[in-house]
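A closer look at the structure
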Amino acid sequence: MKDDRDDDHDARRDGWRAWLSQARFFAEEVYSARYRGAIARARRDEDDLFMLLVFSEMMGVPNPASYYTLELQPLLLERFHDWHKRMGMERSPLDHFRCC
Amino acid sequence: MSAIVLLVIGLGAMALGYFVYSKFIAEKIFRLDPDFRTPSYEYEDGVDYVPTNRFVLWGHHFTSVAGAAPIVGPAIAVIWGWLPAFLWVILGTIFFAGVHDAGAIWASVRNKARSIGALTGDVVGKRARSLFMVVIFLVLLMVNAVFAVVIAGLMMDFSSAVVPVWGAILVALIIGQLIYRRILSLPMVSLLGVIALYALIGLGPSVPLQMPDAVGGMSGNAVWILILFGYATIASLLPVWVLLQPRDYINGLQLFIGLIVLYGAIVLMNPTMVAPAFNENVPEGTPSLLPLLFVTIACGAISGFHGLVSSGTTSKQLDKETDVRFVGYFGAIGEGSLALAAILAATAGFASVADWESMYSAFGQGGVTAFVEGGAYIINHGLGLPEATAATLLTVMAALFAGTTMDTGLRLQRYIFQEWGAIYGLDWMKKGVPATLLAVGSCLLLAFGAGGADGSGGLIIWPLFGTTNQLLAGLTLLVITVMLVRLKRPMWYTLAPLCFLLVMTVAALITQLRGFYNDGNYFLLFLDIVVLIAAVFVSLECASTLKRHRRDVAQQQE
């Protein structure tokens, strides 16, 4: 008898939780859907600038932080191809840094 | 006559339009296909192209298209009595706006979700595309100038709303930070934001801030206009998540709350229509109803601005093609219901006909002030809220809508200047700040040039704004009609509204031309001529394109 009531209670709580998460999902969609593109583009511009900083030494631009940015290069390798394409360069701009 | 009867007739007719007419249009004319692969799947990138739940998308579409314009237009147009405005809003929503909005989404979805401007270039021709840019620029110019004048007027008339309106911007800034930095969850933030906003509205009447009538040789109104443009300049240069996004969200919540409060109060109070059905006793200088009614109410009956939203963001996020009917057509119905509420508030919310007539003492008078005062009267008698608080509530609603439209409009205008800079190789014009300053400068010129040094006559350009808006709608309808002709489907359901719009727009422009000439207002006379030339070109473009395509289709059949 007691178990039944607990089950009931659990079911109701789960139902509530599901409803709440649904509401949250809808609210977030409503908040973000319209500006998703604009914000993603702004973020991408920032990231592009960051890429330029990280790879600046290789392109002959002195960078006082190159000791640290060198460490970041392997981590950013995945984005390298998209980046140089977006910057209007068909191939990797760096002689000793091949990409595609 | 009871306002509830009118309310029921209006909403009933629009419901009928949705369940019967839009079904016919969707199934027989557009032939929406649930299996069509929409651009949101075809080009899904998680950024622009994202399949979105249709209720979410509807909420979006509706809150993007519904702003201050469906309040201001009807509230001005009731000067001819409530019946003409009522009929044009209801029939316009059913046969014009719904078809136009749904058609714009459909046309865009069937063409890789491209914007109506780009589609005009492809479907109609290059010349039409340039024309489109000019018309859009004129619309944006007028919308910014007019809305600055509207908000300035509200700030002068309702000093209790000054603190809540600017406080709401502060609330939006805080909300933006809380969400962007993931400090609090969105439902929590929404709740706190709404509480803060309504606390401000409650507080408003006890801390009125009245701008003096004259400040350093300028009228108070003019000072407000300058402050508003200063604010809009800064706001439009900020990243969208800082202010535009949270403010838009608050506006969306406000829109639904405002509509529920207004409709609820009308049902509970059951006011009688104080204003006459047809106003035989219009103030001197009021232009004739035909054709001016059809350009005074643009948003709320049909508005070209919706086509930009439909083909800009909505079409990229549409999940299934059959959702076009719900998102587009029902979005237009949402807007129609806002316009209906504005009509009822501006005609039933008065104690006597004399009160109403003193509000509408001249054409362009009354307007949104009548909406606020009438709405406050109804809310006060229906829900028991103090009249000052109710007036503050409605003022904040209208001012925030208009403010967001100014922000968006100025951004779009900046993009146009930047694009011109790119086309003509002017490097300085491609930068954000100079382009924004050019946009603001042109709007200020219009706001003050139209109405004299105090900027109070700026609402004279409202019908002119309507004409450009209708021209934009005409171009969108032309794109849809050409697509239908090419598909060998009936074209009269879009061609008839198109012809009607063009005839009314040209007639309104000519009527106004004479008015401006008689008044000696050469600035507006010039603007009117520019719009008239654009209108003539749009009409010629329509005739020649349709003739060409019909001939092509006929040749194919032989």
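A quick note: this is a predicted structure, and the numbers were derived from the prediction, not measured.

**Some details on the overall build of chain B**
When helices and strands are tallied, chain B shows 21 helices and two strands. Over its C-alpha atoms chain B spans a radius of gyration of 23 Å, differing by no more than 12% from the 24 Å that the globule rule assigns to 558 residues. Its C-alpha atoms give chain B principal-axis dimensions of about 75 × 60 × 50 Å. Counting contacts in chain B only where the partners sit at least 6 residues apart, residues at least 24 apart contribute 84% of the total. Per element, the accessible surface of chain B, about 20,400 Å² overall, is 66% carbon and sulfur. Of the side-chain charges in chain B, 29 are positive and 31 negative, and the distance between the mean point of each set is 13 Å.

**Here we look at the side chain of B:Asn279**
Residue and element names in this part refer to chain B. You can see Asn279 is positioned in the loop between helix 11 (244-269) and helix 12 (289-296). On the accessibility criterion, Asn279 (11% relative accessible area) is buried. In this structure the side chain of Asn279 is engaged in a polar contact, spanning 2.9 Å, whose partner is the backbone oxygen of Ile79. For Asn279, the residues in contact, after removing those within four places along its chain, are Ile79, Trp80, Gly81 and Trp356.

**Section: the interface of chain B and chain A**
Contacts between the two partners involve 26 residues from chain B, matched on the other side by 18 residues from chain A. Here chain B packs against chain A, burying approximately 2,000 Å² in sum over the two surfaces, 64% of which is carbon and sulfur. When residues of chain B are sorted by the area they lose upon contact with chain A, B:Val56, B:His60 and B:Gln245 head the list and together hold 26% of the total. Inspection of the chain B/chain A interface yields two salt bridges. Close ionic contact of B:Asp48 with A:Arg41 constitutes a salt bridge, the shortest N to O distance being 3.0 Å. There are seven residue pairs in polar contact (both at pLDDT 80 or more) connecting chain B and chain A. Elements with a minimum of two residues in the side of chain B that touches chain A: helix 3 (54-65), helix 8 (162-180), helix 9 (186-203), helix 11 and helix 13 (305-317) of chain B. The element that contributes the greatest number of residues to the side of chain B that touches chain A is helix 11 of chain B, accounting for five residues.

**Structural notes on the confidence of the model for chain A**
Summing up the model confidence of chain A, the mean pLDDT is 81 and the portion of residues at 70 or higher is 93%. Confidence scores differ between elements of chain A, with helix 3 (residues 66-86) of chain A showing the lowest mean pLDDT of 82 and helix 2 (residues 36-54) of chain A the highest of 86.

**Details of a positive patch on the surface**
Residues and elements named next belong to chain B. A contiguous patch of positive charge on the surface is contributed by Arg486, Lys547, Arg548 and Arg551. A per-element tally of the positive patch places helix 21 (residues 522-557) first, with three residues. By the element assignment, Arg486 lies in helix 19 (residues 462-486). The partly exposed category is assigned to Arg486, whose relative accessible area is 44%.

**What about helix 9 of chain B?**
Residue and element names in this part refer to chain B. Given a rise of 1.5 Å per residue, 18 residues ought to cover 26 Å, and the 25 Å separating the end C-alpha atoms of helix 9 matches this to within 8%. Buried within helix 9 we find Leu186, Val189, Ser190, Gly193, Leu197, Leu200 and Ile201. Take helix 9 and look down its axis: the buried residues cluster within an arc of 100°, on one side only. Exposed and facing more than 90 degrees away from the buried side of helix 9 are Leu191 and Ile195.

**Notes on the pattern of salt bridges**
Residue and element names in this part refer to chain B. This structure, assessed with the given rule, holds 14 salt bridges over all chains. The salt bridge involving Asp407 is made with Arg247; its shortest N-O contact spans 2.8 Å. Placement of Asp407 in helix 17 (residues 387-423) and of Arg247 in helix 11 is noted, with a sequence separation of 160 residues between them. Overall, the relative accessible area of 1% leaves Asp407 in the buried class. Salt bridges here are not isolated pairs; linked through shared partners, they connect Arg247, Asp407 and Arg411.

**Some points on a nonpolar patch on the surface**
Taken together, the side chains of B:Ile423, B:Tyr424, B:Leu426, B:Trp428 and B:Leu438 present a nonpolar region at the surface, about 520 Å² in accessible area. Along the chain, the position of B:Leu426 falls in the loop between helix 17 and helix 18 (432-451).

**Re the side chain of B:Ser64**
With respect to the helices, strands and loops of the structure, B:Ser64 is situated in helix 3. If sequence neighbours within four positions are ignored, B:Ser64 has contacts with A:Arg34 and B:Val309.

About the thresholds
- Residues numbered from 1 in each chain as written.
- Chains lettered and ligands numbered in written order.
- Predicted model: local features only at pLDDT ≥ 70, side-chain atom pairs only at ≥ 80, totals over all residues.
- Heavy atoms only, no water.
- Helix = DSSP H or I, 4+ residues; strand = E, 2+ residues; numbered from the N terminus.
- Rg over C-alpha atoms; globule rule 2.2 N^0.38 Å.
- Contact = heavy atoms within 4.5 Å.
- Areas by Shrake-Rupley, 256 points an atom, 1.4 Å probe, with all protein chains shown as cover.
- Lys, Arg positive; Asp, Glu negative; His and termini not counted.
- Charge placed at Lys NZ, Arg CZ, Asp CG, Glu CD.
- Buried < 20%, exposed > 50% of the residue type's maximum accessible area, 1.4 Å probe, protein only.
- Polar contact = N/O pair within 3.5 Å; in protein donor to acceptor, adjacent residues only side chain to side chain.
- Buried area = accessible area lost by both parts, 1.4 Å probe.
- Salt bridge = Lys/Arg side-chain N within 4 Å of Asp/Glu carboxyl O.
- pLDDT = per-residue confidence, 0-100.
- Patch = residues over 30% accessible without salt bridge, like charges linked within 9 Å, V, L, I, M, F, W, Y side chains within 5 Å.
- Expected span 1.5 Å × (residues − 1).
- Arc of directions from axis to C-beta.

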